[in-house]
Amino acid sequence: MPRIVVDVMLKPEILDPQGKAIVGALPRLGFTAFSAVRQGKRFELYVDGEVTEEILAQAREAAATMLSNPVIEDVVNVEVVAD
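The notes below deal with the structure included here. (Residues numbered from 1 in each chain as written. Predicted model: local features only at pLDDT ≥ 70, side-chain atom pairs only at ≥ 80, totals over all residues. Heavy atoms only, no water.)

Section: the overall build of the chain
The cut-off we apply is this: Secondary structure elements follow DSSP: runs of H or I no shorter than four residues count as helices, runs of E no shorter than two count as strands, and numbering proceeds from the N terminus. Note that the radius of gyration is over C-alpha atoms, with the globule rule given as 2.2 Å times the number of residues to the power 0.38.
When helices and strands are tallied, the chain shows 2 helices and 3 strands. Listed by position from the N terminus, the elements making up the chain come as β-α-β-α-β. Taking 2.2 N^0.38 as the reference for a compact globule, 83 residues should give roughly 12 Å; the C-alpha atoms of the chain span a radius of gyration of 16 Å, well beyond that estimate. If you line up the chain on its principal axes, its C-alpha atoms span 45 × 30 × 15 Å.

A few points about helix α2 (residues 53–67)
Filter applied, for reference: Accessible area is worked out with a 1.4 Å probe on protein chains only. A residue is then buried under 20% of its type maximum, exposed over 50%, and partly exposed in between. The contact criterion used is simple: two residues touch if any of their non-hydrogen atoms lie within 4.5 Å.
Regarding α2, the residues found buried are Leu56, Ala59, Ala63 and Leu67. Buried residues along α2 sit against β1 (3–10), β2 (40–46) and β3 (73–81).

Some thoughts on the sheet that holds β2
Sheet strands line up and pair through hydrogen bonds in the backbone, either parallel or antiparallel. Heads up, the condition is: Strand pairing is assigned whenever DSSP detects at least two bridges linking the two strands. Note on geometry: axes are C-alpha line fits, over the in-contact stretch for helices, and angles between N-to-C directions span 0 to 180 degrees.
Across the sheet, 3 strands lie side by side as β2-β1-β3; this open sheet has antiparallel pairing. Pairing within the sheet leaves two strands with one partner each, and these edge strands are β2 and β3. Between one strand axis and the next, the sheet turns through 20° on average, direction left out of account. When β1 meets β2, the two strands line up antiparallel, connected through 7 bridges. Within the sheet, the bridge partner assigned to isoleucine 4 lies in β2 and is leucine 45.

Notes on a nonpolar patch on the surface
Just so we agree on the cut-off: Patch definition: residues with relative accessible area over 30% and no salt bridge; like charges joined within 9 Å; nonpolar side chains (Val, Leu, Ile, Met, Phe, Trp, Tyr) joined within 5 Å. Only the protein chains shown count as cover for residues, with accessible areas throughout obtained via the Shrake-Rupley method and a probe of 1.4 Å. For salt bridges, the criterion is a side-chain nitrogen of Lys or Arg within 4 Å of an Asp or Glu carboxyl oxygen.
Taken together, the side chains of Leu29, Phe31 and Phe34 make up a nonpolar region of the molecular surface, amounting to roughly 340 Å² of accessible area. When you line up the elements, phenylalanine 31 lands in the loop between α1 (17–25) and β2.

Side note on the environment of valine 51
Of note, valine 51 is situated in the loop between β2 and α2. Assessed through its relative accessible area of 18%, valine 51 is described here as buried. A C-alpha to C-alpha distance of 39 Å links valine 51 and leucine 26, two positions 25 residues apart in sequence.

Don't take any of this as a statement about function, it's just geometry.
Encoded structure:
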């Protein structure tokens, strides 16, 4: 079953408190190579049948209007993933 993956991230100018908490915890757990973390969201939209350009356009519209808050988030990726 094909799926469309949508990745949403906070805009760069928006403070990311969860990312800050994660980057603070990483060194305490022995992960010292990372200097910053930005937390985001991933959606997987499953499609019955073939993913057409029309379906992909619908996924992009849903990502822009429903899956993200355009005031504080950017849709950074919409792609078809074959299993």
